[in-house]
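Observations on chain architecture
Residues per chain, in single letters:
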4 protein chains.
Amino acid sequence: MVKNGTLVNFASDNAAPVAPEILAAIQKANAGPMLSYGDDPLTSGVEAKLKQIFECDLRAFPVATGTAANVLGLSVMTPPYGAIYCHRLAHIEQDECGAPEFYTHGAKLVKLDGEGGKLQAAELDDVLKEAGAGNVHHVQPAVIDITQATESGTVYKPEEIAEIGIVAQRHGLGLHMDGARFANALTFLDCAPADITWRAGVDVLSFGATKNGAMGTEAVIFFNLEKAREFEFRRKRGAHLFSKMRYLSAQLDAYLTDGLWLDLAGHANRMAREVADRISAIPGAEVLYPVEANLIFARLPEASLESLAVSDVLYYRNGKDSAGEVRLVTSWNTSAQDVDHLLKVIT
Amino acid sequence: MVKNGTLVNFASDNAAPVAPEILAAIQKANAGPMLSYGDDPLTSGVEAKLKQIFECDLRAFPVATGTAANVLGLSVMTPPYGAIYCHRLAHIEQDECGAPEFYTHGAKLVKLDGEGGKLQAAELDDVLKEAGAGNVHHVQPAVIDITQATESGTVYKPEEIAEIGIVAQRHGLGLHMDGARFANALTFLDCAPADITWRAGVDVLSFGATKNGAMGTEAVIFFNLEKAREFEFRRKRGAHLFSKMRYLSAQLDAYLTDGLWLDLAGHANRMAREVADRISAIPGAEVLYPVEANLIFARLPEASLESLAVSDVLYYRNGKDSAGEVRLVTSWNTSAQDVDHLLKVIT
Amino acid sequence: MVKNGTLVNFASDNAAPVAPEILAAIQKANAGPMLSYGDDPLTSGVEAKLKQIFECDLRAFPVATGTAANVLGLSVMTPPYGAIYCHRLAHIEQDECGAPEFYTHGAKLVKLDGEGGKLQAAELDDVLKEAGAGNVHHVQPAVIDITQATESGTVYKPEEIAEIGIVAQRHGLGLHMDGARFANALTFLDCAPADITWRAGVDVLSFGATKNGAMGTEAVIFFNLEKAREFEFRRKRGAHLFSKMRYLSAQLDAYLTDGLWLDLAGHANRMAREVADRISAIPGAEVLYPVEANLIFARLPEASLESLAVSDVLYYRNGKDSAGEVRLVTSWNTSAQDVDHLLKVIT
Amino acid sequence: MVKNGTLVNFASDNAAPVAPEILAAIQKANAGPMLSYGDDPLTSGVEAKLKQIFECDLRAFPVATGTAANVLGLSVMTPPYGAIYCHRLAHIEQDECGAPEFYTHGAKLVKLDGEGGKLQAAELDDVLKEAGAGNVHHVQPAVIDITQATESGTVYKPEEIAEIGIVAQRHGLGLHMDGARFANALTFLDCAPADITWRAGVDVLSFGATKNGAMGTEAVIFFNLEKAREFEFRRKRGAHLFSKMRYLSAQLDAYLTDGLWLDLAGHANRMAREVADRISAIPGAEVLYPVEANLIFARLPEASLESLAVSDVLYYRNGKDSAGEVRLVTSWNTSAQDVDHLLKVIT
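Residues numbered from 1 in each chain as written. Chains lettered and ligands numbered in written order. Predicted model: local features only at pLDDT ≥ 70, side-chain atom pairs only at ≥ 80, totals over all residues. Heavy atoms only, no water.

With that out of the way, let us pick up the environment of Ala69 of chain C. All names here are of chain C. Considering the arrangement of structural elements, one finds Ala69 in helix 3 (residues 66–75). Given the relative accessible area of 0%, Ala69 is considered buried. Separated by 171 residues in sequence, Ala69 and His240 have C-alpha atoms that sit 9.5 Å apart. Non-local contacts of Ala69, meaning those with residues more than four positions away in its chain, are made with Val63, Ser206, Glu218 and Val220. (Helix = DSSP H or I, 4+ residues; strand = E, 2+ residues; numbered from the N terminus. Buried < 20%, exposed > 50% of the residue type's maximum accessible area, 1.4 Å probe, protein only. Contact = heavy atoms within 4.5 Å.)

Put into structure tokens, the structure is as follows:
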């Protein structure tokens, strides 16, 4: 992050405020006493809504951070001597300060490469064949983790996930999806939520909401009900069981009502595509990956970078070897004026 | 908990809603973008306010649950082969599903007894003399943990804490305070916050707010600045660093403004004392501990218990050997009518 | 331990040397290359011998220390949020510097009392009824751990173990036996090994040899074959898989051949009973527990203690409140002269 | 490993027996009682000898396996949110089933590449500049781990280590050396032990003996005395404190007496060089790395491989992409006949 107190946010969907419908739901939940720790009607209601949306039986548990959703989900999918296969850019590998290792008691994250932030089923298959399953000297393959939408702003197609699902099943691994930007991916694909999750072999999903207009709530969704059994103990001892759970569930409830989640993500995606299109038109500028969700990675001309650096726009420079590369993120409340402003700065 | 969907809450301060001033602060914080992960002015403002209130330099870190506050604080105070001395009723021992062991990587909680939920300095001193410090076969004494107000609803006096602080220092241990109901204790004592914390030898404080009218926010306060250094890494890898931190900090900010925290706790305490006084007047009923905060433990006549069991009052039966014993909790929004209703039921 | 460089050992069976038969077996194993990490005929032979001795199918894994045997065995019997019920004097609770918590990733040891170092089935049953099974706020009952022979030198009878086994089964817990002095117990009981293990409900046994004449080898025996599956991974990542495994297995092989293990233990037990009998005859002296294995706890007159303190006898004073109490341990190589010498010193 | 029950060992130095001098020392140590857990003169004597050999003050702790030496050493060098930089072929990364993650409570191993199994100081420096030190989202750089001799059979020169030591110091990391084949490296270099350890910046050394003729003993050596302080607690709770420690120390004592360790390693190295020289002379065969210790990696013609596969020689095929590649290991007791036999098979 390059500056503070400024006004135009293309730095992170986490820097956006809470959608008004969600804030209203929190307020509405604030009437009188309600049983604590999730024994409330709002919490069971969220699970019921998710069953409808995903068209299947499932267990869903609210937690407050995306990292908590990821690492608690993973913690029931691997033994401590297990290996988790993920993209080298995965949030769990890059940005969680060792939380996966902490929650799994020392499982090893095995980094793989892959165009546009995506794992490839064929490469996974090759790697797993040589991974030493059953050999006591080696960590044991346990989980494949994919991110939807990816950290590069691309989106796995249903058939890409299904291929990975088949590899997971062939080698006896679980399939975990980090869906911090699940709504952005789904909006882009315009398919059923089931098509990119359980129908494609996903066992556990981090169903994100915080980056897409909530205040701080995600759902860990188990399509594999067996694996859900010990989740609640692990959530509590991770200190992620909220006493006043109703306020997390109220957010999710509003998020899932009347398609709000898809509307918010749809807006963010549209803004991203507009940014991408207009950057592509700048001489010397280049958009680096297909912009399928709400992230734009772009290489900008030096003059644009200089202008950006002294502007009131929040954004990220991306990595050390990425001279001239920036990451821009849109959100549910990125406005057309914000986009105009950004483009004025860099054009 | 004995029933659901009922109306009059004496079961838990966690079942109470959020105080209106705090909800208003959340709403006010919801304007435009703000840097994420705590790089916002609200978060730094909370630390500044706490320095004034505690009259000293300190570091303060918001987290969302009381268990998180406790176990993250403890995690920097003990090696994994350490021992944490606590009351047998302590929340960290009884009610956190092994979270302290998880976050400390296996430190051992050593349970002590003590009247009214309080540890005694003299007994601690005796135990520590025989604790095997330096002996490689034994876990190593590292932390004393006290709860203020205690799980029995009593309050440590400043001099009681100071005596424990001296024992901690004599044996080279840190002193941790679980202050989930710190405001209730302070209101009762009517002393300076410093008198029951750093001036008495407390190194790290879980400064509670959730049970006293917040939605989900606590501050881990380090009076020992050295120990604060690695806290942020442990919070992140515990998945307790909130991206939209502003909403946690906004709660704390409102809580600390114009003495709201003490007003809320003062009300809860007054209601508790009224409940206690009126129960004491019931023939055959007995209040078990001095009611100094917002918890009442009482032995009730059989008729009262039966009447309570079929009523619309939420409350807890307490333990197996405690035939006839109930726990009643008041909160910032317990009303005079609630108290009248309860007493009508049990009289 | 009160002195060094002295000659007559009643301090510990760990201070005894290695039995000549076992040393000879090590020497014999030292011929030419042999596959490492347990892929050798000596190691498989040990398992075969144990199947005969215990009259059942089983899996057996050599490790080098008693603590390793205990904590690796426990590590596959409890989730990290589990509770292990043990006697307050248990080695795993008192003398392993938190190794059980380390290997189980934070399970909680729940200490119980019990005459002569023995857990009582009825008390266990009571405690487990109130242990909060299924309640997410509490650690979950997972294992009962008993020590045979106990730390007090007494021995569980087959029916005492069977009663505990029934309680374990009723509540869905595993039953673990720390058999660091298993041979001493068996010799005393003169029953079949099966009678105090799998027939009585024991799932996993630390089968000790080091204290009874080996150099450094124990077997972790799984009567519950299902639980054995992940043991080898946990042993390796605990750094307890020996490359030159043949030398551990050679010890066990000799130990189990021609009843050596029972002969060695029988001698130690006889010496202990002689010590006990002769101490009982000293005016003012008192033997504290039934001497059923090779440990004697005795209260001695002041003159005896003073004489002992300046003698060349190695022994332990026992605990702080135990004025005048000593622990004396015999071993496979305690001689009649050693006993005479000890008695001369204290009489 | 490709066969069992065969006679000629080029598979592993772990498959070799114990050197007679070391077995004799074990026998000699077997006289009478000796205090347990390392409170014996043999153990303190080993530390004294190592001080002389390394020409400095140090702390040395015997453990029984190479993995234990590595992971216990690392466990005091990194916080649980730390990063350990190692070669992608490092034993700690490849062959310890997650033991480093277990003992460090979840530190992350960051794999680097490097010719001949060696890390390069310049690359380390580059990587550490971009490693996110101080950034709460990332694991924190803590340790550089190098292997001497390397897993590829090469040996770091003193100046190569010193350059890495400077990088470690510049970035505030500790430097750990896995010296499972330390003697082989030292023999090759013919320098002072200090030149490739503390004088070059090494803080902690796994000083191997098992692969070089011992039965099962290594020393963890701390040149950084500060870091040694908590080692003993971690060793005990790792279940690696031996009760009958004298037998580990006796091995080390003999190993260090009259240069036995260097004689044994010198022999192994000479045999390796002879194997390498003679393989190089086979048409179509190729030795892959400089043979500086006792490991030979070679690409063999198809006919040689076929002949080897059906022979009585123990050896390893190496990796999946390494068609035709074998690993051959010599040891202290590889004989000239063994070498002749091997060469006859593959020529």
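What follows concerns the interface of chain B and chain A. Facing the 52 residues of chain B at the interface are 52 residues of chain A. Both sides of the chain B and chain A interface together cover about 4300 Å² of buried area, and 62% of this is carbon and sulfur. Remark: the boundary between chain B and chain A carries 0 salt bridges. For the interface between chain B and chain A, the tally reads 29 residue pairs in polar contact (both at pLDDT 80 or more). Elements supplying a minimum of two residues to the side of chain B that touches chain A: helix 1 (20–28), helix 3 (66–75), helix 5 (99–103), helix 10 (231–237) and helix 11 (246–256) of chain B. Residues belonging to the side of chain B that touches chain A are distributed by class as follows: 27 nonpolar, 16 polar and 9 charged. (Buried area = accessible area lost by both parts, 1.4 Å probe. Salt bridge = Lys/Arg side-chain N within 4 Å of Asp/Glu carboxyl O. Polar contact = N/O pair within 3.5 Å; in protein donor to acceptor, adjacent residues only side chain to side chain. Nonpolar A, V, L, I, M, F, W, Y, C, P; charged D, E, K, R; others polar.)

With an RMSD of 0.0 Å, chain D superimposes on chain C once it is rotated by 180° and translated 0.0 Å along the axis. As the rotation angle and translation indicate, the two copies are arranged about a two-fold axis. For chain D, the residue whose C-alpha comes nearest the rotation axis is Gly238 of chain D, separated from it by 3.6 Å. When you check the interface residues of chain D against chain C, 100% turn up at the interface there too, and the contact is symmetric in its surfaces. (Least-squares fit on C-alpha atoms with pLDDT ≥ 70 in both.)

Turning next to the pattern of salt bridges. With the rule as written, the count across this model stands at 72 salt bridges over all chains. Arg59 of chain A serves as the salt-bridge partner of Glu47 of chain A, at 3.0 Å between the closest nitrogen and oxygen. Placement of the pair is Glu47 of chain A in helix 2 (residues 41–54) and Arg59 of chain A in strand 2 (residues 59–63), with a sequence separation of 12 residues. With relative accessibility at 14%, the residue Glu47 of chain A sits in the buried group. A salt bridge links Lys108 of chain D to Glu93 of chain A; the shortest N-O distance between them is 2.9 Å. With Lys108 of chain D in strand 4 (residues 108–112) and Glu93 of chain A in helix 4 (residues 91–94), this residue pair bridges two chains.

What is shown is where atoms sit, not what they do.
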